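One-letter residues, chain by chain:
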Protein chains: 2
Amino acid sequence: MSQQRTPTTPTRRRGAALENAITDAAWEVLVEQGYNGFTFETIAARAGTSKPVLYRRWPQREDLLLATLARNWRPLNIPNTGGLRQDALTLLRTVNAERARTLILLRIQLADYFRETGTTFNHLRSHLRPADQTPPFARLVDRAVERGELADIRRSERVVNLPFDLVRHDMLMSMDAVPDETIVEIVDAVWLPLLGLSPHSTQTRR
Amino acid sequence: MSQQRTPTTPTRRRGAALENAITDAAWEVLVEQGYNGFTFETIAARAGTSKPVLYRRWPQREDLLLATLARNWRPLNIPNTGGLRQDALTLLRTVNAERARTLILLRIQLADYFRETGTTFNHLRSHLRPADQTPPFARLVDRAVERGELADIRRSERVVNLPFDLVRHDMLMSMDAVPDETIVEIVDAVWLPLLGLSPHSTQTRR
DNA sequence: AAAATAAGATACGCGATAGTATCTACGGGT
DNA sequence: ACCCGTAGATACTATCGCGTATCTTATTTT
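Residues numbered from 1 in each chain as written. Chains lettered and ligands numbered in written order. Predicted model: local features only at pLDDT ≥ 70, side-chain atom pairs only at ≥ 80, totals over all residues. Heavy atoms only, no water.

This paragraph deals with the packing of aromatic side chains. For any pair of aromatic rings, the description consists of the separation of the ring centres together with the inter-plane angle of the planes. Within this structure, the stated rule accounts for 14 aromatic pairs over all chains. Between B:W73 and B:F121, the ring centres sit 6.1 Å apart and the planes meet at 40°, which makes this aromatic pair tilted. On the criterion of sequence distance, the pair formed by B:W73 in the loop between α4 (61–72) and α5 (84–96) and B:F121 in helix α8 (residues 121–128) is long-range, its members being 48 residues apart. This pair shows no difference in class: B:W73 is buried, exactly as B:F121 is. Pairwise contacts between aromatic rings join A:Y35, A:W73, A:Y113, A:F114 and A:F121 into one cluster. Taking the ring centre of B:Y35 as reference, the NZ or CZ of B:R61 above it sits at 4.0 Å. It is B:R168 that lies over the ring of B:F164; its NZ or CZ is 4.4 Å from the centre. (Phe/Tyr/Trp six-rings, centres within 6.5 Å; stacked < 30°, edge-to-face > 60°. Helix = DSSP H or I, 4+ residues; strand = E, 2+ residues; numbered from the N terminus. Buried < 20%, exposed > 50% of the residue type's maximum accessible area, 1.4 Å probe, protein only. Lys NZ or Arg CZ within 6 Å of the ring centre and 35° of its normal.)

Let's shift gears to empty space enclosed by the protein. Within this structure, the stated rule accounts for one cavity of 30 Å³ or more. In terms of lining, the largest cavity is formed by 14 residues, of which the most central are A:D112, B:N36, B:I108, B:Q109 and B:D112. Mapped by element, the contributors of at least two residues to the lining of the largest cavity are α6 (98–109) and α7 (111–117) of chain A together with α6 (98–109) and α7 (111–117) of chain B. For the lining of the largest cavity, the per-class residue count stands at six nonpolar, four polar and four charged. (1 Å grid on protein atoms, 1.4 Å probe; cavity = no way out; pocket = protein on both sides within 12 Å on 5 of 7 lines; lining within 4 Å. Points joined across faces, edges and corners; volume = space filled by probe spheres on them. Nonpolar A, V, L, I, M, F, W, Y, C, P; charged D, E, K, R; others polar.)

This is the structure:
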């Protein structure tokens, strides 16, 4: 930290400020360079600190990785727009936006980590957060049933979760965001028909 | 090759025999250890040869990678059972079997290669093989139309390719084979209804 | 049989990274 | 002001893999 020093500007970080700076840098490195670029050398340089500082807190690479993931893990907001179609579109657009998308694509970034440790993404997820209670799309369908928009019948998880699966699939295939018209297509041409709905019976046009 | 030598047993490999042994070893290494384990050191040892032998043929790692992929790339057999449902189930089971599955999961194994080179799986695929003409499921649907099983109307690619997308998605999620009942579910509960068919109107039970 | 080719073996220098040791000096607590 | 903890800087050893040089020797060619 060869920083120009003024009487009131601290030149060293401590405690949470330091740890947050490190895990923020670690996250950037992970996203840009993947697991194999996630090295103490690179992260220390990115965070403007030195390797012993990292080792003092996280003696193993995995410790730092888990800390970094825990800091960046976010629950998904479940929209409640009053209509099933709009809920679905909003949720998928949220999933498609950068923050959530990066977490989805992490599955690929961490392939080598999973291979090394014999663990899985799902195992990691339950480690970072308690099991997500109800899958997001199941929540949307439940609400539509409550509103009387959908009949109260049993539906397979496969059908309920289909939009999320398809968007995730396309993201994994392209390693990038999905075009918005793809999202609209998945909801209107695939999912709503499978639920026995047409796109315009669920709510007025957006 | 410190091999016990008999008068008629050659101790050294040459030409295609040697190259095939190397690319076979390279493939095993790629599948087991991913792109980052794909090193000349490891492959030479696995093939029972020395690094200069590899460098003489493939001066760059990418050369050896492409040669290895070219040797193991296989076109997908399109089944023709006389019924759409059976065609679909057969095709998905083929996709789910080890050989084709490994190629699908290669997308993940090669994530670091794509990042390094700024290229993509689709680019790689068209490099290894001319563009596959008709997507497999489009072929199945075409045949069903010819047989009169399906109406001759326009269908979105999204719907036509849905089974393959969902199976691929589940494979990518689990990095493993998909249970057979998943395949049956995708075809019977999702795809055929979207095509306006019920599972048993396409053919007698399997 | 002799010559040519290249497979196989091995050694080397270099760069990157892990992990650790050591030192200086900032900054908080007393 | 003094003491202590530790941030930041730097150096070191060990390991791994890349890429190359050199040598021996099996095998094909002449």
